[in-house]
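Architecture at a glance
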Amino acid sequence: MRRNTVRLGHPILPFPAATVELDSLRAGDYNDLLNDLRDTLESSGASAVTAPQLGVELQIVAIRATLLNEAASDSGVEIVVNPMLEPEHGEPVYDWEGCLSIPGLRGLVPRYPVIRMRALDHVGEPLDLQATGEAARVLQHAHDHLSGVVFLDRMGDMRSLAFQDEWRQFLSAAADEEAEGESGE
């Protein structure tokens, strides 16, 4: 069942989520929540959604399967439980982010370009993978939600914060022009 996501100001967002007990996960105690996370993600158009964004204080993320595995089907959703992330290498890279819990706003956020994620899947089997680019960014954003952090907390300069419509009209066009100028040199 699709659920509404909680928005900035909801008391669950600024606090860390609880670790999921492996025995409960394997027993299927969270199957309804996992299905709700999948349904909410599929209907949202987002790249990931977390249990705290549905008002549940647990370390569970639903993420588009194609981000973790290019061969996955376009409609697939992967469940990630109790993720631990560590940067692999590289300095943080700034890019634009938005959030279902902060609708209509975007901002420049620094994230590591390559990370290692260790976690459990939906039945409690271990996951260990390296993520790069967009997948690394999405996983870091989702992990922040599990830690009580939103993308606004990560922004180095609030002057880049923009409403979605203005971002499309002014900022993304300027970024495209700058990229074209750099590639033409």
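Scope of this entry: the structure provided in the associated data block. Treat the numbers as computed from the prediction; the structure is a model and nothing was measured.

Each strand in a sheet pairs with its neighbour through backbone hydrogen bonds, running either in the same direction (parallel) or in the opposite one (antiparallel). Strand order in this open sheet of 5 strands is E1-E2-E3-E6-E7, and the pairing throughout is antiparallel. Each having just a single partner strand, strand E1 (48-50) and strand E7 (126-132) make up the two edges of the open sheet. Across this sheet, the average inter-strand angle for adjacent strands is 40°, counted without regard to direction. With 5 bridges joining them, strand E2 (residues 60-64) and strand E3 (residues 77-89) adopt antiparallel strand pairing. Paired with Ile63 across the bridge in E3 is Glu78. Along the sheet, helix H2 (residues 31-44) makes contact with E1, E2 and E3, crossing E2 at roughly 35°. The sheet contacts of helix H4 (residues 133-146) involve E1, E2, E3, strand E6 (114-120) and E7, and relative to E7 the element is tilted by about 125°.

Now for the nonpolar core. By size, the foremost hydrophobic cluster in this structure holds 18 residues, and its most contacted members are Leu37 and Ile60. Listing elements by their share of this core, those giving two or more residues are H2, E2 and E3. In terms of residue count, the dominant contributor to this core is H2 (4 residues). When near neighbours in sequence (up to four residues on either side) are disregarded, Leu37 contacts Val49, Thr50, Ala51, Leu54, Ile60 and Ala62.

In a regular helix each residue adds 1.5 Å, so 14 residues correspond to 20 Å; H4 covers 20 Å between its end C-alpha atoms and thus fits that length. Of all 14 residues in H4, 11 are buried; the element is thus mostly enclosed. Looking only at H4, the buried set comprises Ala135, Ala136, Arg137, Val138, Leu139, Gln140, His141, Ala142, Asp144, His145 and Leu146. One or two steps after H4, the chain reaches Gly148, where phi turns positive at roughly 80°.

Okay, unusual backbone geometry next. A positive phi angle is found at Asn82, which is not glycine, with a value near 50°. As for its placement among the helices and strands, Asn82 is situated in strand E3.

Here is what the cut-offs are and how they apply
- Residues numbered from 1 in each chain as written.
- Predicted model: local features only at pLDDT ≥ 70, side-chain atom pairs only at ≥ 80, totals over all residues.
- Heavy atoms only, no water.
- Pairing = 2+ DSSP bridges.
- Helix = DSSP H or I, 4+ residues; strand = E, 2+ residues; numbered from the N terminus.
- Axes fitted to C-alpha atoms, helices over the stretch in contact; angles between N-to-C directions.
- Contact = heavy atoms within 4.5 Å.
- Core = buried A, V, L, I, M, F, W, Y, C linked by side-chain atoms within 4.5 Å.
- Buried < 20%, exposed > 50% of the residue type's maximum accessible area, 1.4 Å probe, protein only.
- Expected span 1.5 Å × (residues − 1).

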